[in-house]
Amino acid sequence: MAAASCLLTEDQFLCSICLDVFTDPVTIPCGHNFCKTCITEHWDINVQCQCPNCKKLFNTKPELQVNTLISEMAAQFRQSAQQKASSSSSEQQVSKPEVPCETHLEPHLTMSGLKTHQLIDPLENLEGRMCTKHNKQLELFCKTDQLCVCMLCTVSAHKKHDVVPLKEEYEGKKAELGKTEAETQQMIQNRQLKIEEIKHSVELSKEDADREIADGVQVFTALKESVERSQAELMDTIKEKQRKTEKQAEGFIKELEQEISELKKRSAEVEQLSHSEDHLHFLQSYTLRNTAPPTKNWTDVNVRPTTFKGTVRRALNQLEETLHEVITDLFKAELKRIQQYAVDVTLDPDTAHPDLILSEDGKQVKHGDVLKSPPKNPKRFDTCFNVLAKQSFSSGRFYFEVQVKRKTDWDLGVARESIKRKGEIMLSPQKGYWTISLLNEIQYYAQAGPDVSLSLKSQPEKVGVFVDYEEGLVSFYDVNSAALIYSFTGCCFTEKLYPFFSPCNFVFKSFPFMNKNYAPMIISPVSHTE
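Every value quoted in this text rests on a predicted model; they were computed, and no experiment measured them. (Residues numbered from 1 in each chain as written. Predicted model: local features only at pLDDT ≥ 70, side-chain atom pairs only at ≥ 80, totals over all residues. Heavy atoms only, no water.)

Caption draft 1: Up close: the side chain of Lys 462. Tracing the chain through its elements places Lys 462 in strand β18 (residues 462-468). This buried residue, Lys 462, is left without a salt bridge; Glu 401 holds the nearest opposite charge, at 4.3 Å. Ignoring sequence-local partners within four residues, the contact set of Lys 462 consists of Glu 401, Val 402, Gln 403, Val 404, Tyr 477, Asp 478, Val 479, Asn 480 and Ser 524. (Helix = DSSP H or I, 4+ residues; strand = E, 2+ residues; numbered from the N terminus. Buried < 20%, exposed > 50% of the residue type's maximum accessible area, 1.4 Å probe, protein only. Lys, Arg positive; Asp, Glu negative; His and termini not counted. Salt bridge = Lys/Arg side-chain N within 4 Å of Asp/Glu carboxyl O. Contact = heavy atoms within 4.5 Å.)

Caption draft 2: Highlighting the side chain of Glu 259. Along the polypeptide, Glu 259 turns up in helix α5 (residues 166-274). Contact partners of Glu 259, with chain neighbours within four places excluded, come to Thr 295, Lys 296 and Trp 298.

Caption draft 3: How the structure looks around the packing of aromatic side chains. All told, the structure shown has 12 aromatic pairs when counted by the stated rule. An angle of 45° between the planes, with centres 5.4 Å apart, marks the rings of Tyr 469 and Phe 493 as tilted. Here Phe 493 lies in the loop between β20 (483-488) and β21 (497-502) and Tyr 469 lies in the loop between β18 and β19 (473-478), a separation of 24 residues in the sequence. Classification of Tyr 469 as buried rests on a relative accessible area of 9%. Seen in terms of ring centroids, Tyr 486 and Phe 488 are 5.0 Å apart; in terms of plane orientation they differ by 80°. Their pairing is edge-to-face. Taking relative accessible area as the criterion, Phe 488 reaches 5% and is therefore assigned buried. Every member of this aromatic cluster is reached through a ring pair, and the members are Phe 381, Tyr 433 and Phe 500. (Phe/Tyr/Trp six-rings, centres within 6.5 Å; stacked < 30°, edge-to-face > 60°.)

Caption draft 4: How the structure looks around the pairing of β18. Burial within β18 is extensive, with seven of its seven residues counted as buried. Where β18 meets β19, six bridges bridge the pair, whose relative direction is antiparallel. From the neighbouring strand, Gly 464 faces β19, where its bridge partner is Tyr 477. Hairpin connection of β18 to β19: four residues between the antiparallel strands, including Gly 472 at a positive phi of 70°. (Pairing = 2+ DSSP bridges.)

Caption draft 5: Molecular detail of unusual backbone geometry. Pro 450 follows Gly 449 through a cis peptide bond whose omega is 10°. Residue placement: Pro 450 occurs in the loop between β16 (443-446) and β17 (452-454). In this model, Gln 146 sits at a positive phi of 55°, which is unusual for a non-glycine residue. With respect to the element layout, Gln 146 can be found in the loop between β7 (140-142) and β8 (147-149). Of note, the phi angle at Ala 482 is positive, near 60°, even though the residue is not glycine. Considering the arrangement of structural elements, one finds Ala 482 in the loop between β19 and β20. On the basis of relative accessible area, Ala 482 is assigned to the buried category, the value being 0%.

Here it is, written out as structure tokens:
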């Protein structure tokens, strides 16, 4: 028997179902051998009796009898193998040995049937690697149910499921895990960058806040000093007027008192003379005493109560001039800060109304009387004399300046991308336009829906347009005077914004000599306000 067993390879003693050494081996009609329990359970699970190896079908379940020869040979092989190490299934994973496991490792290094086994690091919980239902090693993965299964599970509860080897699923999941880890790291990095961005924004905001506070303190300190100085000057003026009045009155009173004293003296002398009985002395003294002392005619002399009407008004006018100077300086400082957000803007000919004439450099636009037929474009304005810039902005702050000198009519501002471009257009924030306009040379409006009439001290020759996208702010400035013209506040921007221009048309097209609106709108380079 031993000789016979030596002629057989170790693989021939392994059941192809449980991948272990035969236990009660039986031979079915096709000649293949299996453990009696393994083939019985296999046929109990499947409707048809089929050989797991050659797939041959049997109409009736074959009667199973133990193959005594194979059983004895398997028992002898098992006894021999147990002296060296315990064996396992054909493709199962077996722990790599530490030094005490050398006996277990030897068969896997020497027996041809066991050399194909994959060795893994020693595991403490080997029971957790066994199927609780079939007591077989979990060596497959059911992708349908996302479970680790054994070989017998694939012919029972997971029969028609998508089953792959553990290694294949492991490599796939590991690749996914690597991708997930890379994505996670990228998300972490993005969030760290966002934190830095937020911190930087906070720092910029703090710098702006500190600068605004410093400017505010400077302005209001100057205002306070101006008010206090004007108040002191007003008090000094009033007191000086009162002092002059009092001094004048004191002079008059003193002079009057002197005359009263002289008159009293004369009165006493006259009274004394009137009691004289000496005819000669009386007549000699009469002429002398009857002469009135020199006095002043006080009839037209008056000390009028001092009037202070106009004093406060003049002081307020002076204070207003001072405040205007301070506010002008403040606006200049504000405009200077805003000008740092200047952007290069050029006109987009694809959006221009056919009657508009654009310069080659895209910096000037005016209305012309030459009929043109530009290519049709869904972006082009076809009725209103409008044009947009090529550049768009969807975040941050931007600023540009436009010369409107010598024009009688114009519209200027920004517009969102989805604005109406065909037919008649009403300019308002509700329609996607944030603009101001000049009408008939003297009437300025903010087209806020409804229009807001603007009262300007002077006609702007150059208008600055500033937008803070996140703040929802659109402001217009008279660049030369650094005065704020108008601001749209609390705007909610969700689309790209484009600089918007409308030079408007000629007032009298039939009489060119009467055309007043011929001057172009010119996008000017920003020269920082001093």
